[in-house]
Each structure stands twice: as structure tokens, then as C-alpha cells.
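If you want the building blocks of each chain, they are given just below.
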Amino acid sequence: MPEEASPAELAVACCSDDADCGCHAHHGYISDKKRYLARLKRIEGQVRGVHRMIDEENYCIDILTQISALNSALKSVSLALLEDHMRHCVVSAAQSGGEELEVKLQEAADAIRRLAK
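An unreviewed UniProt entry annotates the protein chain as Metal-sensitive transcriptional regulator of Corynebacterium hansenii.

Here it is in C-alpha cells:
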């Protein structure tokens, strides 16, 4: 993804001036939604390319190389979403305290466990 303001910088910029900015009513990825959708559209195109390669009976290793690139692209999106979740949802829950923090931390831990498989 292109380098722009980090999720932490966006959260600070959004919340530092006005405690009731309303940003906590949204998911952490909202500020980067267009970039996520563009990246997923490119990944979708890569999947269609792999489909076409198999349909055209391309060389196995070439197909596997493209599948590896797809896996990397999906992992990149997943890690960026996880970072947004940590910087927005978990931080917001930490500021609120209570049981919500435990829920968000468990969600993050479960997501990390799934990504590590």
C-alpha cells in the first residue's frame, strides 16, 4: 500500500483536537477504505489471472509463483487490517477500560493466531 499517514497518525490527528470526533464509531480501516478496496480489486485481478493461466494450461511453476504472490498480497492486507484494529479499536477499548478491552485483546490474539497458521 502507498505510504501515507499511518493509522496511529490518523488517530492522533483525528482525536487530539476534539475528544468527541466520532471516529470511534467507525472501524479502524475506514480512513484507508479506498486503498483497501483498490488493493483487493488488484488481488481479484490476480485471481482471475491464475484462473486464466490454468484454463490456458500454463506451466505449473508459473501458476504456483502467481499463487505465492496472491498469498503475499492477502497477507499484506490482513496485517494492515490487524494493525488498524490494534491502533484504533484496541486503543479505543483501552481508553474506555473494562471488559471491552479484554474482548478486543482476545479478538486480536485470535486473529494473530489465525494469520500465523
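**Considering the packing of helix 3 (residues 60–96) against helix 4 (residues 99–116)**
Two numbers describe how helix 3 lies on helix 4: the axes approach to 9 Å, and their chain directions differ by 165°. Considering the angle they form, helix 3 stands roughly antiparallel to helix 4. The element helix 3 and its partner helix 4 pack so that their crossing is left-handed. Facing helix 3, whose interface residues are Lys75, Ser78, Leu79, Leu82, His85, Met86, Cys89, Val90, Ala93, Ala94 and Ser96, helix 4 presents Glu100, Leu101, Lys104, Leu105, Glu107, Ala108, Ala111, Ile112 and Leu115.

**A look at unusual backbone geometry**
For glutamate 57, which is not glycine, the phi dihedral falls at a positive 60°. Along the chain, the position of glutamate 57 falls in the loop between helix 2 (33–55) and helix 3. Of the residues examined, glutamate 57 reaches a relative accessible area of 71% and is grouped as exposed.

**Overview of the packing of helix 2 against helix 3**
Axis angle and axis distance: for two packed helices, these are the angle between their axes and the distance between the axes, and together they describe the pair. The interhelical angle for the contact between helix 2 and helix 3, taken along N-to-C directions, is 160°, at an axis separation of 10 Å. Overall, the two elements helix 2 and helix 3 adopt an arrangement that is roughly antiparallel. Helix-helix and strand crossings are classified by hand; for helix 2 and helix 3 the assignment is left-handed. Across from Tyr36, Arg39, Leu40, Ile43, Gln46, Val47, Val50, Met53 and Ile54 in helix 2, the residues of helix 3 making contact are Asp62, Ile63, Gln66, Ile67, Ala69, Leu70, Ala73, Leu74, Val77, Ala80, Leu81 and Asp84.

Calculation criteria
Residues numbered from 1 in each chain as written. Predicted model: local features only at pLDDT ≥ 70, side-chain atom pairs only at ≥ 80, totals over all residues. Heavy atoms only, no water. Axes fitted to C-alpha atoms, helices over the stretch in contact; angles between N-to-C directions. Helix = DSSP H or I, 4+ residues; strand = E, 2+ residues; numbered from the N terminus. Parallel < 35°, antiparallel > 145°, perpendicular 65-115°, else oblique. Left-handed = near helix turned anticlockwise from the far one by under 90°. Contact = heavy atoms within 4.5 Å. Buried < 20%, exposed > 50% of the residue type's maximum accessible area, 1.4 Å probe, protein only.

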